[in-house]
Amino acid sequence: MSVKLMDIAIDFFRVEDYRRLSELTKRSFLLNAWHIDQHLPRQLGGEVFFQTVATRALHENTNSCLVARHRGQPVGYIIYGVDMAVSRQVGINTATIILFCVDQAHKGRGVGRRLLERACALLGGRGIRLLTVGTDANNMPALTLYQSAGFVTRLTWGTWRLYPTFHRSPVAAPFRVEPWSGDESALGLCRLIDRPLSWFRESRLSPRGLVTLRRGLGSLLEQHLRNGQSMALVAKAGGFFRERIAGLLVWEEDGAVEKFFNTRETEKRIYRVTDILVPRSARGQGVASQLLTAFCDMATSRSHCIEAWATTGGASLPRGHTPASMPTAAMDDWASLNVLAKCSFRPPATTRGASLPRGHTSASMAPATTRGASLPRGHTSASMPTHLATVLHRWIG
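Bear in mind that the values here come from a model prediction, so they are computed numbers and not experimental data.

Chemist: Is there a simple way to explain the sheet that holds strand E8 (residues 231–237) in this structure?
Modeler: As a general point, the strands of a sheet are linked pairwise by backbone hydrogen bonds and lie either parallel or antiparallel. Pairing is mixed in the open sheet, where 12 strands are placed in the order E1-E2-E3-E4-E5-E12-E6-E11-E10-E9-E8-E7. Edge positions in the open sheet fall to strand E1 (8–12) and strand E7 (176–179), since each of these has one partner strand only. Strand-to-strand twist across the sheet, computed as the mean angle between neighbouring axes with direction ignored, equals 25 degrees. Pairing of E1 with strand E2 (residues 63–70), which is carried by 5 bridges, proceeds in the antiparallel orientation.

Take a look at the structure:
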């Protein structure tokens, strides 16, 4: 049955839409890192995003949800929200597309474009200047839509994971590593926070605003450590009277996702390493490798996997910025990628004989953004991340 674009109505989310949007999402997002990973107990489609992302987002007052309807039935939706804290810090009103989905039967008919254009118009009317969105780097229809609508790629990063079955080589241990126990001096390293965030790649944001953003992220990390939302290991060097902090590894437990894998017989954790912070004076001494190895020794046996995110290559700094004024991103160099590989982290690649999303082959699942680029020492294209995510920006007005 042919559906004309004029037969599609767009309005805001209603409570009765919830079940239909959940079903629609479950059949989508089959390129995500939880779906293609054959090392995990089961494959997860869009249900993991709807229950962990959409459900939470729909309850936030700063977010909005537009729904596309055909004959009264939802066939697509877009959830977007204003980044209040980031807007204050960078001095520009910014917003993010949180989740965007169109029913497979209605793709290619302009439904997604209408949702996107309507969202941009509404955000522009609210004074939003910068809109960001993340998507799978292999999702060509989504990338084509965004780029045709004026979005520009600012950041690409890959998912790396360590599983209990992976063999790990020993790493030299010249430092003492122990759980963080509230030592305030270790929290001083939070100012070095350097995560893969696309705002740090945006040349139209002021250096002063980005410095303020970085300080805000450091303060938030300190808060998370103090209230137990994040946990940490500390690397120490020197004797009792001349002890110094050589590094800090921060991790979180992803309870929202791990419940999809746990059963009555098996209850394991999913951990995400969010930060490895090493002062300049201690870099090049193996601190990061020892911290990551110590954490893996502690956590691997009781986890489904340990996850880390890493950008796939360096990028030039925007004009007027220096490395001090604008950090590029956590793990945004080959040395950091080598730390992950040294500790036996691998991309969540599909295994031989595994089913791929419809329309994809092993070649199409390869990280296209790394083709032609130099790889870290000891790496081949097969060892680089299979799952990549891309963050795009669009300036409004």
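On we go from here.
Chemist: Can you help me understand the pairing of strand E9 (residues 244–253) in this one?
Modeler: Here is the key point about a regular strand: its side chains alternate between the two faces of the sheet. Among the 10 residues in E9, 7 count as buried, and that is most of the element. Pairing between E8 and E9: 7 bridges, direction antiparallel. Its bridge partner lying in E9, Leu 233 is registered against Leu 249. Strand direction decides the pairing type here: E9 and strand E10 (residues 269–277), joined by 6 bridges, are antiparallel. Bridging across to E10, Leu 249 finds its partner in Ile 276.

Chemist: Which parts of the structure should I look at to understand the pairing of strand E11 (residues 303–311)?
Modeler: Taking burial as the measure, the 9 residues of E11 include 8 buried ones, the bulk of the element. Pairing between E10 and E11: 5 bridges, direction parallel. Along E11, the bridge assignment pairs Val 273 with Ala 308. A crossover links E10 with its parallel partner E11, the connecting element being helix H9 (residues 287–299), and its sense is right-handed.

Chemist: Sorry, what's going on with unusual backbone geometry here?
Modeler: Residues apart from glycine generally show negative phi values, whereas peptide bonds are mostly found in trans. Even without being a glycine, Arg 71 presents a positive backbone phi close to 55 degrees. Within the secondary structure, Arg 71 sits in the loop between E2 and strand E3 (73–82). In this structure, Ser 344 takes a positive phi of about 70 degrees despite not being glycine.

Chemist: Can you walk me through helix H5 (residues 140–148) in this structure?
Modeler: Those residues of H5 that fall on the buried side of the exposure criterion are Ala 142, Leu 143, Leu 145 and Tyr 146. Mapping the buried residues of H5 onto a view down its axis gives an arc of 160 degrees, with all of them on the same face. Two residues or fewer after H5 comes Gly 150, characterised by a positive phi angle close to 100 degrees.

Chemist: In this structure, what is going on with helix H1 (residues 18–26)? I would like to understand it.
Modeler: Three or four residues apart is the spacing at which side chains of an α-helix point the same way, because the helix has 3.6 residues per turn. Looking only at H1, the buried set comprises Leu 21, Leu 24 and Thr 25. Here the buried residues of H1 occupy an arc of 95 degrees about the axis, which is enough to place them on one side. Opposite the buried face of H1, at more than 90 degrees from it, the exposed residues are Arg 19 and Lys 26. Against helix H2 (47–57), E2, E3 and strand E4 (94–102) lie the buried residues of H1.

Chemist: How should the packing of aromatic side chains be read in this particular structure?
Modeler: Aromatic ring pairs are reported here in terms of the distance separating the ring centres and the angle at which the planes meet. Counted under the stated rule, the structure contains 7 aromatic pairs. With a centroid separation of 6.0 Å and an interplanar angle of 50 degrees, the aromatic rings of Trp 34 and Phe 261 are classed as tilted. Of the two residues, Trp 34 sits in the loop between H1 and H2 while Phe 261 sits in the loop between helix H8 (255–258) and E10, which places them 227 residues apart along the sequence. Each member of the pair, Trp 34 as well as Phe 261, is classed as buried. Between Tyr 271 and Phe 295, the aromatic rings sit 5.8 Å apart at their centres with planes inclined by 80 degrees, giving edge-to-face as the arrangement.

Chemist: How do you make sense of the side chain of Ser 344 when you look at a structure like this?
Modeler: With respect to the helices and strands, the residue Ser 344 is situated in the loop between helix H10 (334–342) and strand E12 (388–395). Residue Ser 344 is classed as buried on the basis of its relative accessible area of 8%. Apart from the residues within four sequence positions on either side, Ser 344 is in contact with Arg 161, Leu 162, Phe 166, His 167, Arg 168 and Ser 169.

Chemist: Could you clarify how one ought to interpret the environment of Ser 301 in this entry?
Modeler: Within the secondary structure layout, Ser 301 lies in the loop between H9 and E11. In sequence terms Ser 301 and Pro 164 are 137 residues apart; their C-alpha atoms lie 5.7 Å from each other.

Chemist: I would appreciate a short explanation of the pattern of salt bridges in the present structure.
Modeler: Side chains that carry opposite charge are capable of pairing whenever their charged atoms lie near each other. Under the criterion given, the structure shown has 19 salt bridges. Across the pair Asp 37 and Arg 161 runs a salt bridge, and its minimum N-O distance is 2.7 Å. With Asp 37 in the loop between H1 and H2 and Arg 161 in strand E6 (residues 152–162), the pair connects residues that are 124 residues apart, well separated along the chain. Residue Asp 37 shares its accessibility class with Arg 161, and that shared class is buried. Across the pair Arg 226 and Glu 184 runs a salt bridge, and its minimum N-O distance is 2.6 Å.

Chemist: Is there a simple way to think about the environment of Ile 78 in this case?
Modeler: Turning to its location among the elements, Ile 78 is positioned in strand E3. Remark: the alpha-carbon pair of Ile 78 and Phe 13, spanning 65 residues in sequence, is separated by 9.6 Å.

The rules behind each value
Residues numbered from 1 in each chain as written. Predicted model: local features only at pLDDT ≥ 70, side-chain atom pairs only at ≥ 80, totals over all residues. Heavy atoms only, no water. Pairing = 2+ DSSP bridges. Helix = DSSP H or I, 4+ residues; strand = E, 2+ residues; numbered from the N terminus. Axes fitted to C-alpha atoms, helices over the stretch in contact; angles between N-to-C directions. Buried < 20%, exposed > 50% of the residue type's maximum accessible area, 1.4 Å probe, protein only. Right-handed = clockwise from strand over helix to strand, strands pointing away. Arc of directions from axis to C-beta. Contact = heavy atoms within 4.5 Å. Phe/Tyr/Trp six-rings, centres within 6.5 Å; stacked < 30°, edge-to-face > 60°. Salt bridge = Lys/Arg side-chain N within 4 Å of Asp/Glu carboxyl O.

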